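Breakdown of the fold
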Number of protein chains: 2
Amino acid sequence: ADIIRNHSGTAPGTWIEKDGKIFISLPGVPFEMKEMITGYIIPRLSEKLSVEKNKRIIKSLLTTGIPESFLYERLGDIEELLHGNALAFLPSQFGVRLRITVIGEDADDAENQLTRIEQQIRAKVGQYIFGTENDTLEDVVANLLIDRGLTIAVAESCTGGLISHRLTNVSGSSKYYERGFITYSNGAKVEHLKIDEDLLIKYGAVSLEVARLMAEGVKAVSGTDIGIAATGIMGPTGATFDKPVGLVYIGFCDSKICTAKEFRFGDDRILNKDRTSQAALDMIRRNLLGIEYED
Amino acid sequence: ADIIRNHSGTAPGTWIEKDGKIFISLPGVPFEMKEMITGYIIPRLSEKLSVEKNKRIIKSLLTTGIPESFLYERLGDIEELLHGNALAFLPSQFGVRLRITVIGEDADDAENQLTRIEQQIRAKVGQYIFGTENDTLEDVVANLLIDRGLTIAVAESCTGGLISHRLTNVSGSSKYYERGFITYSNGAKVEHLKIDEDLLIKYGAVSLEVARLMAEGVKAVSGTDIGIAATGIMGPTGATFDKPVGLVYIGFCDSKICTAKEFRFGDDRILNKDRTSQAALDMIRRNLLGIEYED
């Protein structure tokens, strides 16, 4: 044990290291304890951590479109994957952040272990990983659009402008963002997106068919390479017998394909808008990268 | 002094009250101290605070459209206003929260003092106060629109959908929100908002005239009671010699008036979008309440 001197009293402290753990004992009198913590313990811990910092690496993989429990199942034997390292599942309405913490024998070992774990995770759930660390999905989509010289137009109903807001949060968005329509009313859908009123009545505004027609319409009207559209019931009002709160359809249209997909989100209006916008951006990402949905 | 019994050791604690202050002494051994805090001090403090809680009132007045320093100047002699009570200025990109903390002789006295302070603040800067506590400006505007049975359409350039997103965050927004256009390109402004292309070229897309024409156009095209529009340079790119980053024009049009106003915000793209959306919502509020701008 190392003795920690007490400059304000008689009882000393002790610092003991055993099996990679540190045990510290201090006197109970607050101002004596405090002085020893600030004068000795914090400086020694800081030094110790800085020596070890290259041995510890933290990296986040950002997923979207798969619930935490499915992700966990998909990763299989977690102990086998991690070999004693740590993996945290951090969910939000935008997806699950997988935070890997690796502690190696040295810096090289840590780097190698991280690479192995990341590769194994990507092999199992790579299609859901849109970025790392502090990436946003709008940044990722913006970079894909800019790289390929593509333009996009947006038709929103339930999200009320949020998809466009996120696509235009990225600096330089006028390179790819052409225009957007928030067609809250049926009249606006018919007038601006050229959706056949009979089809709108037949299927209802919240339907797979209308989502696809909105994406097709906004692409045609705007003369862009891509059209993206969302229609759904955000709540708390607006549900019908067969269309519950949280039901959302997202449409995507480019030169190769016009498609739509159903999503089922939750009860909270604001979270539903966030989740719908994320699913719409992810549909753009998947289509641009040629990643098909599994279900 | 009251003796605080120590159930785990020998040294007792003491509780002394003097001049409205409480002095507590406890033994230095952590687990003894902890037990006395959870077992005696926290319960007694809780009881004491609940007796006194009606003597202390906290209320926030939410302002927007006036910088903290101007607000401070406008309020005049703060000591005279407060009579020993507290006023915190809490600024964000959405405005300045004025948090009043009053401590009275008793509950009635506290209530009276709060009323006096609030009335004096409202007399001086009332036009900038849009709500209290946790109100949002979109809630306030939504209530005004619903109360008067008015519909609104939105034409956005620089905000990229954020004004519409905020107006549709309120549950039941389809009562007043009809449709929105995000006319990022000049082509979209001409095509959907019916803006004369010659005027667009003459004044430039970021101008007082075009903001007014956008508001007028979106109201006419949508057949709503109100049109609101924003055009500006959010940064970091897009500035020209005479149009710096942060320059914004907001247009408003209803059955009585078609007008526009210039704003100068800052350098940060995301904050500029927030501030522009707030100024646009505030322009709706001011026009509906008949509150003119001072400058």
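Residues numbered from 1 in each chain as written. Chains lettered and ligands numbered in written order. Predicted model: local features only at pLDDT ≥ 70, side-chain atom pairs only at ≥ 80, totals over all residues. Heavy atoms only, no water.

Another aspect to go through is the interface of chain B and chain A. Counting residues at the interface gives 34 residues for chain B and 34 residues for chain A. Summed over both partners, the interface of chain B with chain A buries about 2,600 Å², with 51% contributed by carbon and sulfur atoms. Counting across the chain B and chain A interface gives two salt bridges. Close ionic contact of Arg179(B) with Glu191(A) constitutes a salt bridge, the shortest N to O distance being 3.2 Å. Joining chain B to chain A, the criterion identifies 28 residue pairs in polar contact (both at pLDDT 80 or more). Broken down by secondary-structure element, the contributors of at least two residues to the side of chain B that touches chain A are α6 (162-167), β9 (177-182), α7 (186-193) and α10 (269-289) of chain B. At six residues, β9(B) tops the list of elements feeding residues into the side of chain B that touches chain A. Taken together, the residues that form the side of chain B that touches chain A break down as twelve nonpolar, 17 polar and five charged. (Contact = heavy atoms within 4.5 Å. Buried area = accessible area lost by both parts, 1.4 Å probe. Salt bridge = Lys/Arg side-chain N within 4 Å of Asp/Glu carboxyl O. Polar contact = N/O pair within 3.5 Å; in protein donor to acceptor, adjacent residues only side chain to side chain. Helix = DSSP H or I, 4+ residues; strand = E, 2+ residues; numbered from the N terminus. Nonpolar A, V, L, I, M, F, W, Y, C, P; charged D, E, K, R; others polar.)

Residues and elements named next belong to chain A. Taken in spatial order, the four strands of this open sheet run β5-β6-β4-β7, and their pairing is antiparallel. What marks the edges here is a single partner per strand, and that holds for β5 (86-92) and β7 (129-132). Geometrically, the sheet is characterised by an average inter-axis angle of 25 degrees between neighbouring strands, direction not taken into account. In terms of strand pairing, β5 meets strand β6 (residues 95-103) through seven bridges, oriented antiparallel. Directly across from Ala86, in β6, lies its bridge partner Thr101. Sheet strands in contact with helix α4 (residues 107-125) are β4 (56-63), β5, β6 and β7, and its direction is about 155 degrees off that of β6. (Pairing = 2+ DSSP bridges. Axes fitted to C-alpha atoms, helices over the stretch in contact; angles between N-to-C directions.)

Residue and element names in this part refer to chain A. Per the stated rule, a full pass over the model turns up two disulfides over all chains. Here Cys253 pairs with Cys258 through a disulfide, and the sulfurs are 1.9 Å apart. When its relative accessible area of 4% is taken as the criterion, Cys253 is described as buried. Not part of a disulfide, Cys158 finds its nearest cysteine sulfur in Cys253, a span of 18 Å. Judged by relative accessible area, which is 4%, Cys158 ranks as buried. (Disulfide = S-S within 2.5 Å. Buried < 20%, exposed > 50% of the residue type's maximum accessible area, 1.4 Å probe, protein only.)

Glancing now at the sheet that holds strand β12 (residues 258-264) of chain A. Taken together, ten strands build an open sheet; the order of strands is β12(A)-β11(A)-β10(A)-β8(A)-β9(A)-β9(B)-β8(B)-β10(B)-β11(B)-β12(B) and the sheet is mixed. Across the chains shown, the open sheet's two edge strands, defined by having one partner strand only, are β12 of chain A together with β12 (258-264) of chain B. Pairwise comparison of adjacent strand axes, ignoring direction, gives a mean angle of 15 degrees for this sheet. Here five bridges tie strand β8 (residues 152-156) of chain A to strand β10 (residues 226-232) of chain A, and the two strands are oriented parallel to one another. Considered in β10(A), the bridge of Ala153(A) is made with Gly227(A). Helix α10 (residues 269-289) of chain A contacts β8, β10, β11 (247-253) and β12 of chain A of the sheet and is inclined by roughly 30 degrees relative to β11(A).

Looking now at the relation of the copies chain B and chain A. Once chain B has been moved 0.4 Å along the axis and rotated by 178 degrees, it coincides with chain A to within an RMSD of 0.8 Å. Classification of the inter-copy transformation places it as that of a two-fold axis. Residue by residue, 100% of the interface of chain B is reproduced at the interface of chain A, so both copies engage with the same surface. (Least-squares fit on C-alpha atoms with pLDDT ≥ 70 in both.)

Time to look at the pairing of strand β8 (residues 152-156) of chain B. All names here are of chain B. Judged by how many residues are buried, β8 sits mostly within the fold: five of five residues are covered. A two-sided burial pattern is seen for β8, the buried positions comprising Ile152, Val154 and Glu156 on one face and Ala153 and Ala155 on the other. In the sheet, β8 pairs with β9 via five bridges, with the strands oriented parallel. Note on β9: the bridge partner recorded for Val154 is Gly180. Once you follow β8 into α6 and on to β9, the crossover reads as right-handed. (Right-handed = clockwise from strand over helix to strand, strands pointing away.)

Tallied over the full model, the rule gives nine aromatic pairs over all chains. Ring centres 5.5 Å apart and planes at 55 degrees place the aromatic pair Tyr72(B) and Phe89(B) in the tilted group. Here Tyr72(B) is found in helix α2 (residues 68-74), whereas its partner Phe89(B) is found in strand β5 (residues 86-92), with 17 residues between them in sequence. Residue classification places Tyr72(B) among the partly exposed positions, given a relative accessible area of 47%. Taking relative accessible area as the criterion, Phe89(B) reaches 16% and is therefore assigned buried. Stacked on the ring of Phe263(A), the Lys or Arg Lys261(A) has its end atom at 5.4 Å from the ring centre. Geometry around Tyr293(B) places Lys261(B) over its ring, the cationic atom sitting 4.7 Å from the centre. (Phe/Tyr/Trp six-rings, centres within 6.5 Å; stacked < 30°, edge-to-face > 60°. Lys NZ or Arg CZ within 6 Å of the ring centre and 35° of its normal.)

Attention now goes to the pattern of salt bridges. In the structure shown here, the tally under the stated rule is 24 salt bridges over all chains. When the shortest N-O distance is used, the salt bridge between Glu138(A) and Arg166(A) registers 2.6 Å. Of this pair, Glu138(A) sits in helix α5 (residues 137-148) while Arg166(A) sits in helix α6 (residues 162-167), and the two are 28 residues apart along the sequence. Here Arg166(A) falls in the buried class, since its relative accessible area comes to 8%. Between Arg122(B) and Glu118(B) there is a salt bridge whose closest N-O contact spans 3.0 Å. Of this pair, Arg122(B) and Glu118(B) both sit in helix α4 (residues 107-125), separated by four residues, roughly a single helical turn. The class of Arg122(B) is partly exposed, set by a relative accessible area of 34%.

Residue and element names in this part refer to chain A. At a minimum axis distance of 9 Å, the contact between helix α7 (residues 186-193) and helix α9 (residues 208-222) shows a crossing angle of 45 degrees. When the interaxial angle is binned, α7 and α9 end up oblique. Counting all contacts with α7, which are made through Lys189, His192 and Leu193, the residues of α9 involved are Met214, Gly217, Val218 and Val221. Along the lines of polarity and charge, the residues of the contact of α7 with α9 split into four nonpolar, two polar and one charged. (Parallel < 35°, antiparallel > 145°, perpendicular 65-115°, else oblique.)

To continue, consider the UniProt feature "domain: CinA C-terminal" (unreviewed entry) in chain A. UniProt's entry tags residues 135-287 of chain A with the feature "domain: CinA C-terminal" (unreviewed entry), counted in the numbering of this structure. In residues 135-287 of chain A, helix accounts for 44% and strand for 21%; the two terminal C-alpha atoms are 19 Å from one another. (UniProt positions renumbered as here; feature names shortened; annotations may be inferred.)

All names here are of chain A. Across its 15 residues, α9 extends 21 Å between first and last C-alpha, which sits within 8% of the 21 Å expected from 1.5 Å per residue. Considered for burial, the residues of α9 that qualify are Val210, Ala211, Leu213, Met214, Ala215, Gly217, Val218, Val221 and Ser222. Where α9 terminates, the next one or two residues include Gly223, which has phi positive at roughly 65 degrees. (Expected span 1.5 Å × (residues − 1).)

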